[in-house]
Amino acid sequence: MPSQTPNLNLYKKNPQTDGQDTFNIETMLNDNWDKLDTAVSEKVDKASGKGLSTNDYTAADKTKLDGATNAATASRIVQRDTNGRAKVTAPSAADDIARKDTVDDAVQPLVADLTDAAPAALSLLPGLQTVEAKQDTPLRVKGIKGRTLLNMLGRAGRGDSLSGWPGSNGVTSLAAGTSPTGGSSIKLKVNTGFGNATLMRSPALTTSLGKNYVMVASVKNLSTTKIDAYFGGKSISVTSTNWTTVVIAAQKTSESQQNLNPSIWCWGADKEALFANIAVYEINADEYEAVLAMTQAQAAALYPYVDDIKNVNGAYVRQAGINLIPAISTWVKSSLTPTVNLSAPYELSFILPSAGQYVGTTVKVIPGQTYTISCSNITAGARLRVGINDGSVLSSGTYIADLGALTTNTFTVPTGVSELALAFMNGPSYSGTYPVTFTLKEPQLELGSIASPFSPQSEQYIYYPDSQLAASLDGTVYDELYTDNTGQARATRRFKSLDLTGDLAWRFLGGAAIYKTAILSIPNPLKDTGYAVKFDGKILKRVSQGGTLTNAADEHVVSDETDPANKSIVAITILNTDSGWGDSYTPTVDDVKAYFNGWKMKTAGQAASSGMYNGTGTKAWVEQYKVITTPSFTGEQQDINVALNNNAHTSSSNAGVTKSYRLQYQLATPTDEPVRSEGAIMLAEGANTLEVGYGAVVRELVTNMYYDSNWAIINYNNTGTNQYSKLAYRTKAILSVFRNRKEDRVFSAYTDLAYGNQRAVAVRNDYDPSAVYEVTYLALDTYLIGIPPTQISTEYATNQRSVSDELAKTATQLAGRMTVLENGTAQAKLLQWITPTLLNGWAPYESTELYAPAYKLVGNTVQIKGVVKGGNNYSAIFYLPPKYRPKTAYHGVTMGQINNVIVPSYLSINDTGTVFISSNAAGSTASNYNYINAIVPLD
């Protein structure tokens, strides 16, 4: 049957069924042609090269296409520009297309972190400062310039003598033990009926026209209305009852100016005040202007009191981290009585036997800044007291804040206060019984008003303990410390300092009516650049090369190679009344050496003050400091060898009264040498608190450890024999104890019976008598060590690339230095003599290498040598370390002198390494001694 096509509906016949039908032209042809013609009329011709689409293309579509643009326009079709670039708006959602600037912004920090970047320069000033770091980065010290302070008053202003300080309208006296440096101070009391009294230097200080000066003085109000310090027509008033340092800068503008002489006024009838540590320094014009802009605290930090002449020495940089409180294990106890049990470095249980006992520490802070103290737990009734550290007893300073009922407290440090004292003790409201147990957990002190989550202190140091960086007084020529390309600290030296002691090659030059002259060859001097200080602190007058001595003694000359008669020498004129040499006596070289060892000559049997030696009778000597302290002293020593071999300036009974002559001069040719340093600092990301200080003593050898059956003690200042464990300087804080070069944390710090503020104590069983112990500490009397630098120039890496490069460089440098050290150590260990620590009163017979006790390994034996004195039978002389000890006890015959008779002695060594004399020990007789020479088999 017929059908229709699906698209145009054309009529079709089926040949099988319709094959016999009549062909209808209208139906089969015409109608179909019409349908085809209609369909063709509605079609578009296919253009050459174009395809066909089944989608409709509308006018709206054409409008969108016509609006395409190569600008970053919203809701517009993207069209490439003439450079083929498509533009889009800045992405805002996670699935947006990233533009180049977006990618650059994201990549730029990474690129910046991976490209070379110059380090950031940072100048650190004395005291505390904060530094912001973008990431953890090592701090590198670039340089420290030398600096010298010469006290024009010598030691006359220390406060231990009234000489040269007459009181006007008042009475002066010495107040023993009241000085901020531990000695005496001068007390001035206003006379009844007078409104004020004055303390003034006499004779007046000599100053020079056009020069700049600064006066420093420590004053303390006992009962006065006020204290006025005057210098150069300027004054500063003080009313505080705490020791206060005043600093006044002045210029000498005319020869008639008379007021450049320090004076201090005390106001109020019958009122009293204390004065100590008065100094006057010459400074340059730039320093003068800088002082005028400083606060008193800043000026006092930069211009501390010094005896005679001092340079930059004992300097350090310290970084405490966020938590300024050190671990409780380092805190000091008020005595041995309280018991402290540590369950963690920052968690303690404290058993107080009575009220007032404490355990505490000190913390450096920035004056005027806000701090927050916090803890995670504190026992009710207990108190962590925050006070101003103005004394050796941490619980007695001026109260500021505390932790007790509150576990967080925010406070502001008073102006002028740079150190706080923290004391954990009973609170004022505690009324319970004793003993009582208090606990404290996770104490934290930090800068700012918000308490951060607890973190332990990450304290780091860089020490320069003995750098001795000097300069001319005007600061134009100076030594300079720097770090070389191996990471080693070095110093360019333009100055040299010498202690003028009797072991130097002195010569006698000649005499005059009241003085005689001694000369000494010195290395590489530049003429007329010396500063010389007498043993009593007096500054010697400088005479130019070729000049004429004024017949007044206490003068000096430094000559160089151009001097026609005495090339490269220092000449010292010595008052006959100081030396004890009579007018007609010509001293020998040994006489000169004895004098510079601190001995005054006299006629035997006569007083040292009047019995000058003129060549007749018997020569005798007395220690100079004994003449100073007791002019009528009649004791004497007739053996010149005693005076030549014993420096009276270092006598343990000297008590700091006298010192050696000291010379500092400029070198004609600079030298360069390594400088001892220790430690490193890594700045943390964020705020860092850095401190520049001085007075660091690093790894001082403990030569005489005190110990008994219960305790081992370093820096013991008990009466009697226990004082021999004292360190070289009074301690402000003991930082570390080392045993055989490794830090030993068994020692705790205590405030009582200490030489200074702290001593270190360990349980006897934790002490190894055969070990070598060393101590790193901060000295209390910094004026004996040196002065702070004006600034320390440092730098730090500013991006990750430079941090990585710096760390890699440091590691390479360290590996190189360690290789040199190991090779040197290996060579040094070959047959090296080791000096032991002598115990129980034993000491070298003489302070020469010939008699020095020592031991070393040779094959399978230990060799021991030396001559000792001062100990008793069976008391240990020293202990041998484990690998030097024989497996079985050793007994050998040696020799000794007992009561001027040579006798056999018996040297013994047991398997614990104890070396002792079992028969005929020297004892306490001065002339007795024992040889300890032996070769001991180890198996």
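The structure presented is a predicted model; accordingly, all values stated were derived computationally and were not measured.

A. Region of interest: the confidence of the model for the protein. A residue-level look at the protein finds 94% of positions with pLDDT of 70 or above and a mean pLDDT of 86. Here helix 11 (residues 800–828) stands out as the element of the protein with the lowest mean pLDDT, 63, in contrast to strand 6 (residues 148–150), whose mean of 96 is the highest. In this model, residues 652–656 is a region of pLDDT below 50 whose contacts with residues beyond four sequence positions or in other chains number five contacts. Scored below 50 in pLDDT, residues 820–830 shows zero contacts in the model against residues more than four places distant or in partner chains.

B. Representation of the sheet that holds strand 60 (residues 890–898) in the model. Taken in spatial order, the seven strands make up an open sheet running 55-58-63-60-61-62-59, and their pairing is antiparallel. A strand with exactly one partner marks an edge of an open sheet, and here the two such strands are strand 55 (843–844) and strand 59 (878–879). Where strand 60 meets strand 63 (residues 929–931), two bridges bridge the pair, whose relative direction is antiparallel. Note that in strand 63 the partner of glutamine 897 across the bridge is tyrosine 929.

C. Summary view of helix 4 (residues 100–114). End to end, helix 4 covers 20 Å across 15 residues, agreeing with the expected 21 Å (1.5 Å per residue, within 8%). The sharpest bend along helix 4 reaches about 40° and sits at valine 107, with the proline proline 109 one to four residues further on.

D. How the structure looks around the nonpolar core. Core analysis: the biggest nonpolar cluster contains 41 residues, and Leu124, Leu139, Ile144, Tyr281, Tyr303 and Leu683 have the highest contact counts within it. When neighbours within four sequence positions are excluded, tyrosine 303 is seen to be in contact with Arg147, Leu149, Val214, Val216, Tyr281, Ile283, Glu287 and Val291. Of all hydrophobic cores here, the second largest spans 35 residues; its members include Leu128, Leu348, Val359 and Ile366.

E. Broad picture of the side chain of threonine 148. The residue threonine 148 is located in strand 6 in this model. Separated by 2.6 Å, the side chains of threonine 148 and asparagine 311 make a polar contact. A polar contact of 2.9 Å, which involves the side chain of threonine 148, links it to the backbone nitrogen of alanine 471. With sequence-adjacent residues up to four places away left out, threonine 148 is seen in contact with Ile309, Lys310, Asn311, Ala470, Ala471, Leu473, Gln664 and Ile787.

F. Structural context of a nonpolar patch on the surface. Where nonpolar side chains cluster on the molecular surface, the patch consists of Phe23, Ile25, Leu29 and Trp33 and spans about 430 Å² of accessible area. Secondary-structure assignment places tryptophan 33 in helix 2 (residues 25–41).

G. The environment of methionine 705, seen in detail. By secondary structure assignment, the location of methionine 705 is in the loop between strand 46 (696–701) and strand 47 (706–707). Taking C-alpha positions, methionine 705 is 49 Å from alanine 250, a pair spaced 455 residues apart along the chain.

H. Region of interest: the side chain of lysine 602. By the element assignment, lysine 602 lies in strand 40 (residues 599–603). Lysine 602 has contacts with Ala607, Ala608, Gly611, Tyr613, Thr618, Lys619, Ala620, Trp621, Val622, Thr634, Gly635 and Glu636, leaving out every residue within four places of it along the chain.

I. Quick peek at the packing of aromatic side chains. In this structure the tally under the stated criterion is 27 aromatic pairs. Between tyrosine 461 and tyrosine 463, the aromatic rings sit 4.8 Å apart at their centres with planes inclined by 15°, giving stacked as the arrangement. According to the relative accessible area criterion, tyrosine 463 is buried, its value standing at 6%. Between tryptophan 581 and tyrosine 595, the ring centres sit 5.7 Å apart and the planes meet at 55°, which makes this aromatic pair tilted. In this pair, tryptophan 581 sits in the loop between helix 7 (576–579) and helix 8 (589–596) while tyrosine 595 sits in helix 8, placing the two residues 14 residues apart along the sequence.

Rules and cut-offs
- Residues numbered from 1 in each chain as written.
- Predicted model: local features only at pLDDT ≥ 70, side-chain atom pairs only at ≥ 80, totals over all residues.
- Heavy atoms only, no water.
- pLDDT = per-residue confidence, 0-100.
- Helix = DSSP H or I, 4+ residues; strand = E, 2+ residues; numbered from the N terminus.
- Contact = heavy atoms within 4.5 Å.
- Pairing = 2+ DSSP bridges.
- Expected span 1.5 Å × (residues − 1).
- Bend = angle between axes of the 7 residues up to and from the residue.
- Core = buried A, V, L, I, M, F, W, Y, C linked by side-chain atoms within 4.5 Å.
- Buried < 20%, exposed > 50% of the residue type's maximum accessible area, 1.4 Å probe, protein only.
- Polar contact = N/O pair within 3.5 Å; in protein donor to acceptor, adjacent residues only side chain to side chain.
- Patch = residues over 30% accessible without salt bridge, like charges linked within 9 Å, V, L, I, M, F, W, Y side chains within 5 Å.
- Areas by Shrake-Rupley, 256 points an atom, 1.4 Å probe, with all protein chains shown as cover.
- Salt bridge = Lys/Arg side-chain N within 4 Å of Asp/Glu carboxyl O.
- Phe/Tyr/Trp six-rings, centres within 6.5 Å; stacked < 30°, edge-to-face > 60°.

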